[in-house]
Amino acid sequence: MRPATPMPELEDERTPVVQIRDLWTQFGSFVVHRGLDLDVMHGEVVSLVGGSGSGKTTLMRQVLALETPTRGEVKVFGIPVHSSSAATLKKIRKRWGVLFQEGALYSALSVYDNIALPLRELRAFDEDFIRDVVMLKLDMVDIERRHAVKMPADLSGGMVKRIALARALALEPELVFLDEPTAGLDPDRSESFVSLVHSLHRKLQLTVVMITHDLDTLVSLSDRIAVLVEGRVLANAPLNVVSKLDHPFVRNYFQGERGKRALSVAPPPRGTP
Amino acid sequence: MPDPVAPATSAAPAPVRILPPEIHVGDAGSVRLTGAWDIRALETHAADIQRRLAKLPADAAHVWDLTGIQRLDHIGALIIWRAWRKTRPQNSRIRAEHELFFTTLATPKPDTSEPPVPWLLRTLITAGAWIPLVASHGRSFLVLLGQLVIDTLAMLRHPGLGPWREVSANIYRVGAQAMPITAAVGFLIGIVLSYLSSEQLRTFGAGSFIVNILGIGLIRELGPVLCAVLVAGRSGSAITAQLGVMRVTEELDALSVMGIPQTVRLVLPKVIALAIALPLLTLWTTSIALFGGALAAKAQLDISVLQFMTDLPGVVPAVNLSLGLGKGAVFGVLIALTACHFGLRIQPNTESLGTGTTSSVVSSITAVIVADAIIAVAFNNVGFS
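Note that the coordinates shown come from a computational prediction; the quantities given were computed from them, not determined experimentally. (Residues numbered from 1 in each chain as written. Chains lettered and ligands numbered in written order. Predicted model: local features only at pLDDT ≥ 70, side-chain atom pairs only at ≥ 80, totals over all residues. Heavy atoms only, no water.)

### A short note on the overall build of chain A
Helices and strands together make up the secondary structure of chain A, namely ten helices and eleven strands. Considering only contacts in chain A between residues 6 or more positions apart, those separated by 24 or more positions represent 65%. Here chain A has roughly 12200 Å² of accessible surface; of this, 52% comes from carbon and sulfur atoms. (Helix = DSSP H or I, 4+ residues; strand = E, 2+ residues; numbered from the N terminus. Contact = heavy atoms within 4.5 Å. Areas by Shrake-Rupley, 256 points an atom, 1.4 Å probe, with all protein chains shown as cover.)

This is the structure:
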């Protein structure tokens, strides 16, 4: 058994959950990020938007410590992710959950084992307890319990996303990354996935960082939208501010036919919590 | 460019010191829980906490005070919920913001899973599963073979429409590119065989028979089999994996909807290519192996390489060479068919890709050896002087 050490831990909701300062990324001679700054505050849903090749996915992978930027600093929970020891990084990794674009469920494991894996890795809970947790998580994402024995290959796209979300939430993360959460889902399913994320965000007070191309998802979920243009964050502001910015990209994105349609049904700004 | 709108500073509470989870048992059956009851804290304390909660007498009418809990999540709530034997006690005080965790736990979704199959039946089902599996393999292999025959006949009527470019590319890939490895293995096997045999022959003073042994053994038997095993491992696996990946990426379906038959574009070129390339590779491997054998014979028995080569046609009838090359062609067709058969059966997932490739290599090597045994029996009085 591990020693029951006291936890000298301070809870401060005023430090940004994600803090990016002067980030530069260069692939050969191609510069992706030119001194990018971004803050994500506790409890916010921030969406990253930008054209193809604007470095949204790269940025997310850098925040997740999967890639290292050429220069600059990324802090998550106030801890720099690229200069920390493996042990510190492991602690951060337990506090975030990631929903990959294709779900990234382990194809060799059943639905049940996929969700149980991160819990088993903690080696803190017995199997009976883990069973209850897995069933609870399945309830949370509205997946019927009879699907627990299925293999990922036997699931539909919408179910894969939900189960991947359940796995991302397995360790009760404070910060959740969603990479294209509704890509590849039909409008009906993407609608219900959005409302699922919305209700989970409200209930669990999650901080959410999301990449999306889907205007409806963007409009209905985001507290704030960070627009990536020319390697920088052009704006990090609520929808009603961002959509009125005078920049060619923003004009194309929000003032086009599709953008107008999505904005016309936008709820009144929820403001920042 | 600066942000047009600076992030609003939220009015969050001042920092609070978070304490580890703790259970305080009062005198009148009251239980007070304090500290952080979330996964971060429970990761180290769970076992201890669960043991202490289990020790609380179940029948006592406890008064539960949860208002001292600083942080709660589903994991913490579940531990408390289990201590409550999954029903909310009558006397409990919970912070308003923590209520929702217990509401979720109090309303579980119904479990509609099918009841598990009894052990005996499950064992029987598992044991019997190979029958439909073998049947389905047999059926799809037969379909593949039939389709191939139909396509070949159609192609013979219009030879100009044949997939000759693919055939040529495949010959290069499975034949020419395999030459270094088959040469290296053949050379070494020739040396080993020659060393072992010459030791025995020298005891009987029958050293010159090394030419007979190596000639018959390598040309008729070892050359073709060795070559086929190497190609099955090298190209068979590649063919299966290639077709499997095409299944995973839906390329096979793309071919189908364009009306391009898979057998003509993918299977037939590989079968033709291996039927041509494997006899040639066999010839190459056997020659190198004989050369290696001759070198070892010079070292061990002092039979010169020239002497060895001059004696060879005299003691090994030429029909053995035809037999060896014929076997090469048969093995080539077998390897290509087996590899394609397994490749086309792969399901669109990574698991199936791995197992399919493994079964393909194992099956094609087994098929080669079975075919070799049948041929050995069928031709047992051909080719011996």
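So much for the structure itself; the text now carries on.
### Points about the packing of aromatic side chains
Tallied over the full model, the rule gives seven aromatic pairs over all chains. Ring plane angle 90° and centroid distance 5.9 Å describe the contact between W96(A) and F177(A), whose orientation is recorded as edge-to-face. Highlighted residues: W96(A) in strand 7 (residues 96-99) and F177(A) in strand 8 (residues 175-179), separated in sequence by 81 residues. An aromatic cluster is defined as three or more aromatic residues linked by ring pairs; in this entry it consists of W64(B), W81(B), W84(B) and F102(B). R167(A) extends its terminal NZ or CZ atom over the ring of Y106(A), reaching a point 4.5 Å from the ring centre. (Phe/Tyr/Trp six-rings, centres within 6.5 Å; stacked < 30°, edge-to-face > 60°. Lys NZ or Arg CZ within 6 Å of the ring centre and 35° of its normal.)

### Here's the deal with helix 3 (residues 111-122) of chain A
What helix 3 of chain A keeps buried is the set V111(A), Y112(A), N114(A), I115(A), A116(A), P118(A), L119(A) and L122(A). Among the structural elements, helix 2 (86-95), helix 4 (127-140) and helix 5 (157-168) of chain A together with helix 1 (39-55) and helix 2 (74-83) of chain B are those in contact with the buried residues of helix 3 of chain A. Of the residues one or two after helix 3 of chain A, R123(A) is the one with positive phi, at around 55°. (Buried < 20%, exposed > 50% of the residue type's maximum accessible area, 1.4 Å probe, protein only.)

### Some remarks on the nonpolar core
Core analysis: the largest hydrophobic core is formed by 71 residues, its most contacted members being F125(A) and W37(B). In terms of residues, this core owes the most to one element, helix 4 of chain A, which gives eight residues. One finds L144(B), M246(B), L255(B) and L344(B) within the second-largest nonpolar core, a separate group that totals 32 residues. (Core = buried A, V, L, I, M, F, W, Y, C linked by side-chain atoms within 4.5 Å.)

### Comments concerning the confidence of the model for chain A
Should pLDDT be low for a region, the predicted coordinates there are not to be read in detail. With 92% of its residues at a pLDDT of at least 70, chain A reaches an overall mean of 83. Scored below 50 in pLDDT, residues 1-10 of chain A makes 21 contacts in the model with residues more than four places away or belonging to other chains. (pLDDT = per-residue confidence, 0-100.)

### Digging into the sheet that holds strand 2 (residues 18-27) of chain A
Residues and elements named next belong to chain A. The strand order across the open sheet formed by four strands is 3-2-5-6, and the pairing between neighbours is antiparallel. In this open sheet, the two edge strands, each paired with only one partner strand, are strand 3 (30-40) and strand 6 (79-80). Note: strand 2 against strand 5 (residues 71-76), five bridges, orientation antiparallel. When the sheet's bridge partners are listed, I20 is paired in strand 5 with V74. Taken strand by strand, helix 1 (residues 56-63) contacts strand 2, strand 3 and strand 5, and its axis lies near 120° from that of strand 2. (Pairing = 2+ DSSP bridges. Axes fitted to C-alpha atoms, helices over the stretch in contact; angles between N-to-C directions.)

### Remarks on the packing of helix 1 of chain B against helix 2 of chain B
All names here are of chain B. Relative orientation of the contacting elements helix 1 and helix 2 amounts to 5°, with a least axis distance of 10 Å. Relative to helix 2, the element helix 1 is oriented roughly parallel. Here I39, L42, I49, Q50 and L53 of helix 1 lie close against helix 2, whose contacting residues are I75, G76, I79 and A83. Its residues assigned to classes, the contact of helix 1 with helix 2 shows seven nonpolar, two polar and no charged. (Parallel < 35°, antiparallel > 145°, perpendicular 65-115°, else oblique. Nonpolar A, V, L, I, M, F, W, Y, C, P; charged D, E, K, R; others polar.)

### Details of the layout of surface pockets
All names here are of chain A. Roughly 700 Å³ of internal volume is contained in the second largest pocket. Around the second largest pocket, the lining is made up of 19 residues, and of these R93, W96, Y106, P118 and L171 lie nearest the centre. Elements represented by at least two residues in the lining of the second largest pocket include exactly helix 2, strand 7, helix 3 and helix 5. It is helix 3 that provides the largest number of residues to the lining of the second largest pocket, a total of four residues. Of the residues contributing to the lining of the second largest pocket, the split by class is 13 nonpolar, one polar and five charged. Three or more residues apiece are contributed to the lining of the second largest pocket by two domains, here domain 1 (18-95 + 173-264) and domain 2 (105-172). (1 Å grid on protein atoms, 1.4 Å probe; cavity = no way out; pocket = protein on both sides within 12 Å on 5 of 7 lines; lining within 4 Å. Points joined across faces, edges and corners; volume = space filled by probe spheres on them. Domains from an automatic or database assignment.)

### Some remarks on the pairing of strand 11 (residues 232-237) of chain A
Residues and elements named next belong to chain A. Most of strand 11 sits inside the fold, with five of its six residues counted as buried. When strand 10 (residues 224-229) meets strand 11, the two strands line up antiparallel, connected through five bridges. Opposite A226, over in strand 11, you have N236 as the bridge partner. From the end of strand 10 to the start of strand 11, which pair antiparallel, there are two residues, and E230 there has a positive phi angle of about 50°.

### What to know about the sheet that holds strand 2 (residues 22-25) of chain B
Residues and elements named next belong to chain B. Across the sheet, four strands lie side by side as 2-3-4-5; this open sheet has mixed pairing. Every interior strand has two partners, whereas the edge strands, strand 2 and strand 5 (92-93), have only one. Those strands touched by helix 2 are strand 3 (30-37) and strand 4 (63-72), and its axis lies near 165° from that of strand 4.

### Observations regarding the pattern of salt bridges
Inspection of every chain in the model, using the stated rule, returns 28 salt bridges over all chains. Put simply, R40(B) and E174(A) hold a salt bridge, and the shortest N to O gap is 3.8 Å. On the criterion of chain membership, the pair formed by R40(B) in helix 1 and E174(A) in the loop between helix 5 and strand 8 is interchain, its members lying in two chains. Salt-bridge contacts for R202(B) lead to E199(B); the nearest nitrogen and oxygen are separated by 3.0 Å. With R202(B) and E199(B) both in helix 7 (residues 179-203), this residue pair falls three residues apart, about one helical turn. Judged by relative accessible area, which is 41%, R202(B) ranks as partly exposed. (Salt bridge = Lys/Arg side-chain N within 4 Å of Asp/Glu carboxyl O.)

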